[in-house]
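Summary of structural features
Here's the letter readout for the chains.
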Amino acid sequence: MSRFLLCFFLLCSFSFFSQQKSYEGMKHYVVEDTAKYTYSMIVDDLTYLYANFPQWVHPLSVGKSEFGLEMSTVRIGGETPKKKSVFLVGNIHAREDYSSKLVMKFLNVFLLNLEKLDNTYPNALKIMDSVDIYVMPVANPDGLKIAHEDWEGISDSFNLYKDSIRLIESYDVWKANGKGLDLNATFDDGNHAVKRADNYSPVPCSEGYKGKIPAEPKETQALQRFVGQVKPLMTVSFHTKGNILYWADKKTHPYFKEIDTKINKEIALRSKFVLGKVSKSPAIYGCGLENYVRAKHKLMGTCVELSRPIYDRTQFPDSQFNSEVWDKAWKIPYMYLEQTIKYGDELVKIAGL
Ligand SMILES: [Zn+2]
């Protein structure tokens, strides 16, 4: 290969992965991607998006948190819901607010593409012919507010519980919901009895407590109900540690006839995220949303860990979101859409829909 061709190739592959583009100041771009993005800002932005893209954005009621906050969710698609869909979820873990930012930024940019105001996702309109996208940016609103020490609207409720919840370090690294249950350890995937993660707590805690019975928290019940009704072929739940995809576990991996391998291998390769190994121990992997959708409904589920690993409880600062997260992961939700369309008919068959 000539040096010129090599340079050309490197340039192409670089621009394919990395996206150093600013949307700031673009018409209808509202997401706060470089400073703190609070629950109420996210709710306001969702309201803005469905007021300004009414033909594409359809709000729906999925459920409320323990303290009564809406788990705001929208469906992106045409007038009538489609049978095939993809579900994007952020902020199941309170302190991981890069995840709601990523989900919101993807949603906003995707809508700009549907209206031809931008060309980041050239096949956006075509995608809408085949699948709907359900977007829940904040699955744990009470927890996110606690992690932001944003007490408005939750302080009365939280005061009832806070003295009985073990606090590890400080509120800004809170991971659980408002009652001290770690939501991604509470799903009823059949592993509740054995679940015992590294940060296990036997009592309500800012992290690691799975509750007395499966699906104890209201947020978990709402998510389980929603997945049972809508049956999204693909659930992508965003977290923030490691630039890695957790996509399979030993028990449910055989259901998917290697389609899960093909999809996630392709996405890992193209995004340069690490492809996690098939998880072996239900004590470690069990009871997450992604495990629940696989175990109970034979629907695909991946946990996407955004940003480089930091070996403590913190996340990189808000100001580094674009370099740490967006530039590396901007295409990940889009690739899950493309792959779900590619294997859609087989996934429908596997789930028995
Ligand atoms: Zn997490």
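Above this text is the structure in question.
Residues numbered from 1 in each chain as written. Predicted model: local features only at pLDDT ≥ 70, side-chain atom pairs only at ≥ 80, totals over all residues.

Re the overall build of the protein chain
Per the secondary structure count, the protein chain includes 13 helices and eight strands. By the compact-globule yardstick of 20 Å for 353 residues, the protein chain fits well, its C-alpha radius of gyration being 19 Å. The dimensions of the protein chain, computed from C-alpha atoms along their principal axes, are 65 × 45 × 45 Å. Across the 353 residues in the protein chain, those meeting the buried criterion constitute 49%. Sequence separation of 24 or more characterises 80% of the internal contacts of the protein chain that already satisfy a separation of 6 or more. (Helix = DSSP H or I, 4+ residues; strand = E, 2+ residues; numbered from the N terminus. Rg over C-alpha atoms; globule rule 2.2 N^0.38 Å. Buried ≥ 20, exposed ≤ 12 C-beta atoms within 10 Å, placed from the backbone. Contact = placed C-beta atoms within 7 Å.)

Considerations on helix 10 (residues 289–297)
Across the nine residues that make up helix 10, a large majority, eight, are buried. Three or more residues of helix 10 are buried, namely Leu289, Glu290, Asn291, Tyr292, Val293, Arg294, Ala295 and His297. Looking one or two residues past helix 10, Lys298 carries a phi angle of roughly 55°, positive in sign.

Some points on the nonpolar core
Among the nonpolar cores identified, the biggest contains 90 residues, and Val86, Leu102 and Val135 are the most heavily contacted of them. Top element by residues in this core is helix 3 (residues 98–114). It accounts for 10 residues. Setting aside chain neighbours within four positions, we find Leu102 in contact with Gly90, Phe238, Leu306, Val325, Trp326 and Ala329. (Core = buried A, V, L, I, M, F, W, Y, C linked by C-beta atoms within 7 Å.)

Here's the deal with unusual backbone geometry
A positive phi is found at Ala215, a non-glycine position, where the angle reads about 55°. Despite not being glycine, Lys272 shows a phi value in the positive range, around 70°. Within the secondary structure, Lys272 sits in the loop between helix 8 (259–271) and strand 7 (274–275).

Topic: the packing of helix 8 against helix 12 (residues 332–342)
Two elements in contact, helix 8 and helix 12, have axes separated by 10 Å at closest approach and are oriented at 150°. Read as a crossing pair, helix 8 and helix 12 show a hand that is right-handed. Packed against helix 8, whose contacting residues are Ile263, Glu266, Ile267, Arg270 and Ser271, the element helix 12 presents Ile332, Met335, Tyr336 and Gln339 at the interface. Here the residues of the contact of helix 8 with helix 12 are counted per class, giving five nonpolar, two polar and two charged. (Axes fitted to C-alpha atoms, helices over the stretch in contact; angles between N-to-C directions. Left-handed = near helix turned anticlockwise from the far one by under 90°. Nonpolar A, V, L, I, M, F, W, Y, C, P; charged D, E, K, R; others polar.)

Regarding the sheet that holds strand 7
Sheet architecture is open: eight strands sit in the order 1-2-4-3-5-8-6-7, paired in mixed fashion. Each having just a single partner strand, strand 1 (57–60) and strand 7 make up the two edges of the open sheet. Taken together, the six bridges between strand 5 (residues 234–239) and strand 8 (residues 300–305) define a ladder with parallel strand orientation. Among the inter-strand pairings, Ser237 is bridged to a residue of strand 8, identified as Cys303. (Pairing = 2+ DSSP bridges.)

A word on the pairing of strand 4 (residues 132–136)
When a strand is regular, its side chains alternate between the sheet's two faces. Among the five residues in strand 4, five count as buried, and that is most of the element. Of the two faces of strand 4, the one holding Asp132, Tyr134 and Met136 and the one holding Ile133 and Val135 are both buried throughout. Relative to strand 4, strand 2 (residues 73–76) is paired through three bridges, and the arrangement is antiparallel. Counterpart to Val74 in the pairing with strand 4 is Val135. As judged from the five bridges shared by strand 3 (residues 85–89) and strand 4, these two strands associate in the parallel manner. Note on strand 4: the bridge partner recorded for Leu88 is Val135.

Here's the deal with the environment of Lys331
Looking at the secondary structure, you find Lys331 in the loop between helix 11 (321–329) and helix 12. Look at Lys331 and you get partly exposed, because 19 C-beta atoms sit within 10 Å. Here the alpha-carbon distance between Lys331 and Phe106, two residues 225 residues apart in the chain, equals 8.6 Å.

A short note on helix 11
Inspection of helix 11 places Phe321, Glu324, Val325, Trp326, Lys328 and Ala329 among the buried residues, and these make up the whole buried set. Summarising the contacts, the buried residues of helix 11 are in contact with helix 3, helix 8 and helix 12.

Let's talk about the environment of Lys36
Checked against the element boundaries, Lys36 lands in the loop between helix 1 (3–17) and helix 2 (39–52). As for Lys36 and Val74, which are separated by 38 residues in sequence, their C-alpha atoms are 22 Å apart. In contact with Lys36, other than residues within four places in its own chain, are His148 and Asp318.

A look at the packing of helix 3 against helix 11
Relative to each other, helix 3 and helix 11 sit at 50°, their axes nearing to 11 Å. The orientation of helix 3 relative to helix 11 falls into the category oblique. Crossing angle aside, the handedness with which helix 3 passes helix 11 is right-handed. Residue-level inspection shows Tyr98, Lys101, Leu102 and Lys105 of helix 3 in contact with helix 11, the latter providing Phe321, Val325, Trp326 and Ala329. Among the residues forming the contact of helix 3 with helix 11, the class breakdown is six nonpolar, no polar and two charged. (Parallel < 35°, antiparallel > 145°, perpendicular 65-115°, else oblique.)

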